[in-house]
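So you can see what is in the structure, the chains are spelled out below.
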Amino acid sequence: MRLNDFNNLDTIQKADLIWEWGFFITKYKYKDYTIVVFLMDDFFAEVYLNIFSNEVENVTGLTKEELEKKDYLLVKKDFKKLSEGF
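As a starting point, this report considers the structure included with it. (Residues numbered from 1 in each chain as written. Predicted model: local features only at pLDDT ≥ 70, side-chain atom pairs only at ≥ 80, totals over all residues. Heavy atoms only, no water.)

### What about the packing of aromatic side chains?
Evaluated as defined, the whole model comprises 3 aromatic pairs. Residues F6 and F43 carry aromatic rings whose centres are separated by 5.2 Å and whose planes lie at 50 degrees to one another, so their mutual orientation is tilted. Taken together, the positions of F6 in helix α1 (residues 3–7) and F43 in strand β3 (residues 43–50) put the pair 37 residues apart, joining distant regions of the chain. The exposure classification of F6 matches that of F43, with both residues buried. (Phe/Tyr/Trp six-rings, centres within 6.5 Å; stacked < 30°, edge-to-face > 60°. Helix = DSSP H or I, 4+ residues; strand = E, 2+ residues; numbered from the N terminus. Buried < 20%, exposed > 50% of the residue type's maximum accessible area, 1.4 Å probe, protein only.)

And the structure:
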């Protein structure tokens, strides 16, 4: 599946694909969210969980370059080691 195809799915379909095919990378706390990052074949997926309601509020597919620009990735050096070769 391509990144654009993934991003055109609804949240439930994205979550199902992540559950089936996603490889857990890491999770972060950012503002009111726990953001969980998964590797999905040739792109990454972020799942935004609201820490108060414990509900998924957003699921987004990203390229490696887009993910590396995220403010919450404070340990970019470690992330780059994990993502080498993807």
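### Here we look at the pairing of strand β1 (residues 23–30)
Two elements, β1 and strand β2 (residues 33–40), share 7 bridges in a ladder whose sense is antiparallel. In the sheet register, K29 faces β2, and the bridge partner there is T34. Connecting β1 to the antiparallel partner β2 that follows it, the hairpin turn spans 2 residues, and K31 within it adopts a positive phi of roughly 55 degrees. (Pairing = 2+ DSSP bridges.)

### A short note on the environment of I25
Inspection of the secondary structure puts I25 in strand β1. Residue classification places I25 among the buried positions, given a relative accessible area of 14%.

### Topic: the pairing of strand β4 (residues 56–62)
Summarising the sheet, β3 and β4 pair through 6 bridges and their orientation is antiparallel. Among the inter-strand pairings, V47 is bridged to a residue of β4, identified as V59.

### Some thoughts on unusual backbone geometry
Phi at K31 takes a positive value of approximately 55 degrees, unusual for a residue other than glycine. Take K31: it is sitting in the loop between β1 and β2. Positive phi, normally seen in glycine, also occurs at N54, with a value near 60 degrees. With respect to the secondary-structure elements, N54 resides in the loop between β3 and β4. Residue classification places N54 among the exposed residues on the basis of a relative accessible area of 64%.

Without other data, these values stay purely geometric and don't point to any function.
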